[in-house]
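Residue-level structural notes
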Amino acid sequence: MNVPTVVIGAQWGDEGKGKLVDSIGSNFDIVGRFNGGNNAGHTVIYKGEECKLHVLPSGIFQKKKLIISQGAVFDPEVLLSELEFCNKHNIFPDLMIDYRVNLVMPYHKLMDAANELWKGSYATGSVKVGIGYCYEDRNNRSGIRCEDLLYPEILKEKLENIFPLKRAILEKVYRVKVDLTIDKIYERFLHHAKVLTPYINDVSSFVSNNLHKKTMLFEGAMATMLDGQFGTYPYTVANNTIASSIFSSLGIPNCPINVIGVVKAYTTRVGGGPFPTEQNNKSGKTLQIVGHEIAATSGRIRRCGWLDLPILRFANKLNKFSSLAITKLDVLSKFSKIPVCIGYRLGKKTIYEYPAISHEFYRCKPIYQTFTGWNEDISRVRRKEDLPKNCLIYLRAIEKMVGIPIRYISVGPDRKSLIYAKN
Ligand code: GDP
Ligand code: MG
């Protein structure tokens with residue numbers, strides 16, 4: 001029986017999920033997206049060219065059947081530009097998008113930007129592409145869904161009902177100038193409908209019918225610590241990012257899944273929010289430069305710090321990882337000493353778990369165990385046993401302290417820089 005595989009970021013995103021999905025995608029019949037929006041950015045190196053995917057699943061360059069299920073949302077403008085990129089490279093995706101997927105509307109982007117300004121110092125560091133507002137409308141049943149692209153008269157009716165309220169909020173509450181009109185939005189969406197109609201279908205039934213017949217790989221967008229409820233709230237996304245959300249996204253009853261937790265060998269995060277192991281110093285700068293830590297969606301510099309094991313244990317508790325994939329291990333070759341956070345001081349207490357009260361995390365001070373580095377280039381290593389001894393000690397310590405075996409070790413950005421570790 002085939003068990004679906006789900007790739008989940010164990011930290012705050014940008015762990016290298018796209019690269020892993022591209023590397024192992026050839027082993028699967030179907031590659032899918034099940035959550036998040038085009039605020040996610042997954043980098044895949046295709047024929048030496050860096051390609052940043054925001055909507056299309058990273059299996060695109062393995063020419064797999066691609067699916068986008070209803071837990072995801074997207075801006076059609078962004079998908080159209082990705083499809084254009086593919087066509088230019090002679091790739092014509094075999095793509096299926098669920099009828100129920102909600103679309104990011106132009107007014108969602110305006111509301112996102114206006115609300116960040118309104119919040120001032122409470123701004124969450126949104127990339128302002130409207131995803132949170134798209135989910136908000138989905139939840140209050142004011143969303144425009146892919147199914148509406150197939151029925152232009154219903155699309156028009158919905159816009160006539162929804163848009164005047166959006167305009168009033170933008171103009172009267174946020175005092176934003178709105179150039180949009182119903183006609184302009186409608187015209188643009190008729191164009192989107194023309195391009196997207198062939199892809200829109202019943203993904204949920206397709207998955208149900210093929211669940212154990214075909215091999216499926218699902219790529220989680222964002223990451224565990226950005227989960228709308230369990231992450232570092234409110235510096236999170238508007239949806240669930242944890243593995244179990246796949247069942248409601250696909251519309252299937254829960255069944256065994258194989259969950260790969262993707263862990264960067266250190267930690268990064270983009271935008272605001274607590275980050276106890278952050279290094280605002282020379283080490284952080286080295287991680288940022290050597291790891292090219294620049295956000296794929298916003299172009300912002302990623303904040304960098306050491307690996308945080310309580311976070312990984314919490315991620316494992318939420319997702320129940322079957323195995324781990326460690327990425328960007330090559331970046332640590334620059335360091336002679338590698339600290340790892342094993343617990344926190346919280347006031348007078350020592351804790352080894354991520355606290356359930358989100359504001360307590362701001363006061364957590366990391367307790368480090370320091371490992372000796374290996375100081376040699378590992379980017380060409382392809383067998384685990386050829387890694388330097390100190391590197392193996394680092395990996396073994398992570399396995400032991402998280403309690404999950406490492407199955408994949410990534411030592412470079414391209415598809416081939418991956419070590420499959422059998423034990
Ligand atoms: P995702 O959002 O988890 O898919 O990750 P991103 O693509 O946003 O960010 C990961 C970045 O690290 C990308 O620029 C990748 O090309 C790069 N990358 C992935 N794996 C490795 C690795 O093992 N070593 C190095 N040096 N870079 C990597
Ligand atoms: Mg990313």
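Computed from a predicted model, the values in this text were never measured in an experiment.

**Looking at the domain arrangement of the protein**
According to the domain assignment, the protein consists of domain 1 (5–97 + 207–259), domain 2 (102–197) and domain 3 (265–420). For domain 2 and domain 3, the distance between their C-alpha centroids amounts to 37 Å. Residue-level contacts link four residues of domain 2 with four residues of domain 3. Of the roughly 250 Å² buried at the junction of domain 2 and domain 3 (both faces included), carbon and sulfur atoms supply 58%. Looking at the side of domain 2 facing domain 3, the largest losses of area belong to Thr124, Gly125 and Val127, adding up to 87% of the total buried there. The interface formed by domain 2 and domain 3 contains zero salt bridges. For the pair domain 2 and domain 3, the interface holds one residue pair in polar contact (both at pLDDT 80 or more).

**A few points about the coordination of the magnesium ion (ligand 2)**
Protein ligation of the magnesium ion (ligand 2) involves Asp14 (OD) and Gly41 (O), the donor distances falling in the range 2.0 to 2.1 Å. Note that Asp14 is positioned in the loop between strand 1 (5–9) and helix 1 (17–24) and Gly41 in the loop between strand 2 (30–33) and strand 3 (42–46), a separation of 27 residues in sequence. Its relative accessible area of 22% is what places Asp14 among the partly exposed residues.

**Quick notes on the state of the cysteines**
Counted by the stated rule, this structure contains zero disulfides. Here Cys304 is not disulfide-linked; the sulfur of Cys341 is the nearest cysteine sulfur, at 16 Å. Look at Cys304 and you get buried, because its relative accessible area is 3%.

Here is what the cut-offs are and how they apply
- Residues numbered from 1 in each chain as written.
- Chains lettered and ligands numbered in written order.
- Predicted model: local features only at pLDDT ≥ 70, side-chain atom pairs only at ≥ 80, totals over all residues.
- Heavy atoms only, no water.
- Domains from an automatic or database assignment.
- Contact = heavy atoms within 4.5 Å.
- Buried area = accessible area lost by both parts, 1.4 Å probe.
- Salt bridge = Lys/Arg side-chain N within 4 Å of Asp/Glu carboxyl O.
- Polar contact = N/O pair within 3.5 Å; in protein donor to acceptor, adjacent residues only side chain to side chain.
- Donors = N, O, S within 2.8 Å, 3.2 Å for Na, K, Ca; no water.
- Helix = DSSP H or I, 4+ residues; strand = E, 2+ residues; numbered from the N terminus.
- Buried < 20%, exposed > 50% of the residue type's maximum accessible area, 1.4 Å probe, protein only.
- Disulfide = S-S within 2.5 Å.

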